[in-house]
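Spelled out from the first residue to the last, the chains are:
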Amino acid sequence: MKIKYLGHSSFFLATRGGVSVITDPYTPGGSINYKPITMPADIVTVTHEHGDHNNVSAILGSPQVIRGAVSKDLAGIHFEGTAAYHDGSGGRERGTNIIFTFAMDGIAICYLGDLGHPLSEQHLAILGEIDLLLIPVGGFFTIDAAEATQVCDALKPRLVVPMHYKTPKCDFPLAGIDKFLDGKSRVSKPQTSEVEIKAEELPDPYEVMVMKPTL
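Chemist: Looking at this structure, how should I read the nonpolar core?
Modeler: Across soluble globular proteins, nonpolar side chains show a tendency to be buried alongside one another. Residues Ile3, Leu132, Leu133, Ile135 and Phe180 are the most contacted members of the largest nonpolar core, which totals 54 residues. Discounting residues that sit within four places of it in the chain, Ile3 has contacts with Phe11, Phe12, Leu13, Leu132, Leu134, Ser193, Glu194, Val195, Ile197 and Met211. Formed by 18 residues, the second largest nonpolar core is a distinct cluster that contains Tyr26, Ala41, Phe172 and Leu215.

Chemist: Help me out: how do you make sense of the pairing of strand β7 (residues 77-85) in this one?
Modeler: Working note: regular strand, side chains alternate between the two faces of the sheet. Where strand β6 (residues 71-74) meets β7, four bridges bridge the pair, whose relative direction is antiparallel. When the bridges of β7 are listed, Ser71 appears paired with Glu80.

Chemist: Teacher, can you tell me more about helix α2 (residues 145-155) here?
Modeler: Because each turn of an α-helix spans 3.6 residues, side chains separated by three or four positions end up pointing in the same direction. Taken residue by residue, α2 has Ala145, Ala148, Thr149, Val151, Cys152 and Leu155 as its buried positions. Each buried residue of α2 lies within a common arc of 160° when the element is viewed along its axis, so the set occupies one face. Turning to α2, the residues buried within the fold contact α1 (121-127), β10 (132-136), β11 (159-163) and α3 (177-181). Two or three places before Ala146, at the opening of α2, Asp144 has a side-chain oxygen 3.2 Å from that residue's backbone nitrogen. Just beyond α2, the residue with positive phi is Lys156, at close to 55°.

Chemist: Looking at this structure, I do not really get the sheet that holds strand β2 (residues 10-14). What am I missing?
Modeler: Sheet strands line up and pair through hydrogen bonds in the backbone, either parallel or antiparallel. Strand order in the open sheet formed by six strands is β5-β4-β3-β2-β1-β13, and the pairing between neighbours is mixed. Each edge of the sheet is formed by a strand with only one pairing partner; in this case those strands are β5 (64-67) and β13 (194-196). Neighbour-to-neighbour, the strand axes of this sheet turn through a mean angle of 20°, independent of strand direction. Strand direction decides the pairing type here: strand β1 (residues 2-7) and β13, joined by three bridges, are antiparallel.

Chemist: Quick question: what am I supposed to make of the environment of Phe100 here?
Modeler: When you line up the elements, Phe100 lands in strand β8 (residues 96-104). Assessed through its relative accessible area of 0%, Phe100 is described here as buried. C-alpha separation for the pair Phe100 and Leu60, spaced 40 residues apart in sequence, amounts to 22 Å. In contact with Phe100, not counting residues within four places along its chain, are Thr45, Val46, Thr47, Ile66, Arg67, Gly68, Glu80, Gly81, Ile109, Cys110 and Tyr111.

Chemist: Just checking my understanding: could you explain the sheet that holds β7 for this structure?
Modeler: Taken together, the eight strands give an open sheet; going across it, the order is β6-β7-β8-β9-β10-β11-β14-β12, and neighbouring strands pair in mixed fashion. At either margin of the open sheet sits one strand with a lone partner, and together these are β6 and β12 (187-188). Sheet topology note: the β8/strand β9 (residues 107-111) ladder contains five bridges and is antiparallel. Along β9, the bridge assignment pairs Phe100 with Tyr111. Strands β10 and β11 of the sheet are contacted by α2, whose axis makes an angle of about 160° with β10.

Chemist: I keep staring at the packing of aromatic side chains and nothing clicks. Help me out?
Modeler: The description of an aromatic ring pair rests on the distance of the ring centres and on the angle between the ring planes. For the structure on display, the rule yields five aromatic pairs. Considering the side-chain rings of Tyr5 and Phe11, the 4.8 Å spacing of their centres and the 25° angle between planes classify their relative orientation as stacked. The same class applies to Tyr5 as to Phe11, namely buried. In this structure, Lys184 is placed above the aromatic ring of Phe180, and the distance from its NZ or CZ to the ring centre is 4.1 Å.

Chemist: Would you explain unusual backbone geometry in this entry?
Modeler: Generally, phi is negative for residues other than glycine and the peptide bonds are trans, each holding for most cases. Here the bond from Asp204 into Pro205 is cis, since omega is 5°, no more than 30 degrees from zero. Note on placement: Pro205 falls in the loop between β13 and β14 (207-209). For Phe140, which is not glycine, the phi dihedral falls at a positive 70°. Mapped onto the elements, Phe140 comes out in the loop between β10 and α2. The class for Phe140 is exposed, based on a relative accessible area of 56%.

Parameters at a glance
- Residues numbered from 1 in each chain as written.
- Predicted model: local features only at pLDDT ≥ 70, side-chain atom pairs only at ≥ 80, totals over all residues.
- Heavy atoms only, no water.
- Core = buried A, V, L, I, M, F, W, Y, C linked by side-chain atoms within 4.5 Å.
- Buried < 20%, exposed > 50% of the residue type's maximum accessible area, 1.4 Å probe, protein only.
- Contact = heavy atoms within 4.5 Å.
- Pairing = 2+ DSSP bridges.
- Helix = DSSP H or I, 4+ residues; strand = E, 2+ residues; numbered from the N terminus.
- Arc of directions from axis to C-beta.
- Polar contact = N/O pair within 3.5 Å; in protein donor to acceptor, adjacent residues only side chain to side chain.
- Axes fitted to C-alpha atoms, helices over the stretch in contact; angles between N-to-C directions.
- Phe/Tyr/Trp six-rings, centres within 6.5 Å; stacked < 30°, edge-to-face > 60°.
- Lys NZ or Arg CZ within 6 Å of the ring centre and 35° of its normal.

In structure tokens form, the structure reads like this:
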């Protein structure tokens, strides 16, 4: 499986057979200074209807779009959407957020979107075993570094890729990546925006991989 970090909370993932997914495409402008996304995909996930996560029209081709707490098969991939919240107040501040789980090339993926609270025991039971966790770590609008670490420790994935944190191209009042990395010994920084992941080579215990945004 190939994974490419586009920027902010958006990733491009593709199977060996060429089926591709783009997560939560952003709209450039304002506090988001990443370049426009100009690539096709077979499937697009939207965890919630905010402009930095729902720019489906940017994706080239005719992608199938998945929204909401649904169970759906698209292009040979089974997606489960699990309801959560964008804040720690049951959605009263910023509304709902969907957690998407799906598998590609034998790798169980969990994409947390803009999760705003620690996961409950019910969430953990529903999500099950996770190999690759894509997790927000910047705080303010989502879980912060400490809460993200709690989520990682609870889910026990094999590989963690952080997202939604402060960078020179993101002006949101978020924390940078260093707060999340503090105290973690298993960290890789491949200095690239794209890597290939194989199920049989996933680390255990989990490793944090900091990818470079391509846009």
